[in-house]
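# A closer look at the structure
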Amino acid sequence: MGDAVDAILDQWRRERPDLDLSPMGAFARMARATRLIEAAVEEVFRRHGLRPGEFDVLSALRRSGPPYTMIPSELSTALMMSRAGMTNRLDRLEQAELVERKLDPADRRSFQIVLTRKGRKVIDETLTEHAANLARLEAALSAQDTTTLDRILRDLLGAWS
């Protein structure tokens, strides 16, 4: 039984039999799956008052372990983003009282980003729902299929980087 992507590929094969369009199927399905996953994930974040980037910052702080503190450059590196973009996220999170900026006692020209008690509560609740949501999305696959898909995607991404 085919899907919409199969129908599109059949049309292209009829119109352009000279091209090998077999990769198009897998990549079109990955793109569609990505859009559906992002929408489901962002809905969880919205329920907790977060944007995806803010979730990423809170996650980085939370998984850093006690005292849940990092300097902005560490956060930028951990999240692979510019310091300017990080500043905007930190401003929003600080305004929501989920993080606070404190002067770095080791370098008074710098500051640390500290996960607040409220921030820890929000990230823990969000992560719990996020994990359940991802498990729900993954439930259509067997454990073996999940392992295989993970390996294939890791290999594919590794080949591109």
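You'll find the chain entered in an unreviewed UniProt entry as MarR family transcriptional regulator, with Sinosporangium siamense given as the organism.

Moving on, we get to the overall build of the chain. The number of helices and strands found in the chain is seven helices and three strands. Each helix and strand of the chain, ordered N terminal to C terminal, gives the series α-α-α-β-α-α-β-β-α-α. Along the first, second and third principal axes, the C-alpha set of the chain runs to 65 × 30 × 25 Å. When burial is assessed residue by residue, the chain has 26% of its 161 residues classed as buried. A separation threshold of at least 6 residues defines the contact pool for the chain, and within that pool the share at least 24 residues apart is 49%. Taken as a whole, the chain presents about 11100 Å² of accessible surface, with 56% of it coming from carbon and sulfur.

To continue, consider helix α6 (residues 117-138). Spanning 22 residues, α6 covers 31 Å between terminal C-alpha atoms, matching the ideal 32 Å at 1.5 Å per step. Every buried residue of α6 is listed here: Gly119, Val122, Ile123, Thr126, His130 and Asn133. Burial along α6 is one-sided: seen end-on, the buried residues are contained in an arc of 95 degrees. Opposite the packed face of α6, turned more than 90 degrees from it, sit the exposed residues Arg117, Thr128 and Arg136. On the buried face of α6, the contacting elements are α2 (22-47), α3 (52-63) and β3 (107-115).

With that out of the way, let us pick up the UniProt feature "domain: HTH marR-type" (unreviewed entry) in the chain. When the UniProt feature table is mapped onto this chain numbering, "domain: HTH marR-type" (unreviewed entry) sits at residues 23-158. Each end of residues 23-158 is marked by a C-alpha atom, and these two atoms are 18 Å apart; helix forms 71% of the span and strand 12%.

Here we take up the pairing of strand β2 (residues 99-104). One ladder, built from six bridges, connects β2 with β3; its direction is antiparallel. Within the sheet, the bridge partner assigned to Leu103 lies in β3 and is Phe111. Here β2 folds back onto β3, and the loop between the two strands holds two residues.

This next bit is on the environment of Val122. Relative to the helices and strands, Val122 resides in helix α6. By relative accessible area, which is 16% here, Val122 ends up buried. Beyond its immediate sequence surroundings of up to four residues, Val122 is in contact with His48, Leu50, Leu58 and Leu98.

What counts, and at which threshold
Residues numbered from 1 in each chain as written. Predicted model: local features only at pLDDT ≥ 70, side-chain atom pairs only at ≥ 80, totals over all residues. Heavy atoms only, no water. Helix = DSSP H or I, 4+ residues; strand = E, 2+ residues; numbered from the N terminus. Buried < 20%, exposed > 50% of the residue type's maximum accessible area, 1.4 Å probe, protein only. Contact = heavy atoms within 4.5 Å. Areas by Shrake-Rupley, 256 points an atom, 1.4 Å probe, with all protein chains shown as cover. Expected span 1.5 Å × (residues − 1). Arc of directions from axis to C-beta. UniProt positions renumbered as here; feature names shortened; annotations may be inferred. Pairing = 2+ DSSP bridges.

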